[in-house]
Amino acid sequence: MTTYKSLALRGVAAGGIAGVASALVQLLVTEIPIRAALAVEEARAPAGEEAGHSHGGEELVSRGAQVVGGMLGVVIVGIAVGLVFATAYALSKRWFTGSTPFSRSFAFGAAVFGAVALLPWLKYPANPPAVGDPETVNYRTALYLGVVAAGLVIVWAASWLAERLHAQSQPVRVTAVLLAVAAAVAVVLLAFPAPPDTIPADMPVNVLWQFRLSSLAQLATLYVGIGVVFGLLIDPATRKAKVAVA
Amino acid sequence: MTSPAANLSAVRVPKWAFAVSVLGLIVTYLVLQENGLALGASSGLLHEFFHDGRHALGVPCH
């Protein structure tokens, strides 16, 4: 009845819709601290000269194009992640099997958000422009991807543990899985090295945190959004309700 | 009302689904992480064009 192709197309649609929502959060919310951070960067360099990275002066891409390109990038990532999300959903055999497709998809989206966005955000909080040493970017990228991979392993292991404990009552099972996840998260946060970057003294703390919280809101919109929209698109109950209204 | 479990086990995932997923991950990598490893010189342009999105999604950037 349900084919992989139909799930994949809905994953693309869900990713596109959540990506557009996340891009709008970027335009209306995240761009505000980004502009403030770019002003800090501008103030640093002597007029007409840029150190290494081009945000002003001799630029490869204009600021306007960066704003549009950034939003486009978020939509493209949304579509790509939606596709992978749909495939993982189709492959999952034990993820809340008793629940409705909407609940499964929503919970899966929330779990993916926790693994690939919230966990790396806790360990290596997002930094606006004007923070970050270009020399360490590959090291920081490796650390970041390591935490993402660890997060996905934790989600997978949690579903495995929940299945192993199926003989237990639900309260015992949920508590055991939560404790195991909390312990695993603590180990990841302690085991990975501290962020290598120091925050420059000329970066205002409120700009830094406004940016970080905006970034987190945008990530939540993207990943939880994919879970919600995908759930809406695949749950037969959505279509039944529509028919009832008509 | 709903029979999700029955619905679910009916989904047969073809082999090309894995190719599609890998493509999705490659696209994500190019937009968010490419710093010259795969595309060399032209990665600078890609990096700058998607610049705000990289920062906003919390990916390490320059």
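Scoring rules and cut-offs
- Residues numbered from 1 in each chain as written.
- Chains lettered and ligands numbered in written order.
- Predicted model: local features only at pLDDT ≥ 70, side-chain atom pairs only at ≥ 80, totals over all residues.
- Helix = DSSP H or I, 4+ residues; strand = E, 2+ residues; numbered from the N terminus.
- Buried ≥ 20, exposed ≤ 12 C-beta atoms within 10 Å, placed from the backbone.
- Contact = placed C-beta atoms within 7 Å.
- UniProt positions renumbered as here; feature names shortened; annotations may be inferred.

Chain B is annotated in an unreviewed UniProt entry as Probable cobalt transporter subunit (CbtB) of Lentzea albidocapillata subsp. violacea.

The name an unreviewed UniProt entry gives chain A is Probable cobalt transporter subunit (CbtA), with Lentzea albidocapillata subsp. violacea as the organism.

When you go through chain A residue by residue, the secondary structure sums to seven helices and zero strands. For chain A, the succession of helices and strands along the chain, N to C, is α-α-α-α-α-α-α. Across its three principal directions, the C-alpha atoms of chain A cover 65 × 50 × 25 Å. Residues counted as buried form 39% of the 246 residues belonging to chain A. Of the contacts formed within chain A by residues at least 6 apart in sequence, a portion of 86% connects residues at least 24 apart.

The next thing to look at is the UniProt feature "transmembrane region" (unreviewed entry) in chain A. All names here are of chain A. Under the UniProt annotation, "transmembrane region" (unreviewed entry) lies at residues 7–29, 67–90, 102–122, 142–162, 174–195 and 215–234. Across residues 142–162, helical content stands at 100% and strand content at 0%; the span's end C-alpha atoms are separated by 30 Å. The straight-line gap between the two end C-alpha atoms of residues 215–234 is 28 Å; of that span, 100% is helix and 0% is strand.

We now examine the environment of Tyr144(A). By the element assignment, Tyr144(A) lies in helix 4 (residues 137–164). Taking the C-beta count within 10 Å as the criterion, Tyr144(A) has 20 such neighbours and is therefore assigned buried. As for Tyr144(A) and Leu28(A), which are separated by 116 residues in sequence, their C-alpha atoms are 26 Å apart. If sequence neighbours within four positions are ignored, Tyr144(A) has contacts with Pro120(A), Tyr124(A), Val59(B) and Pro60(B).

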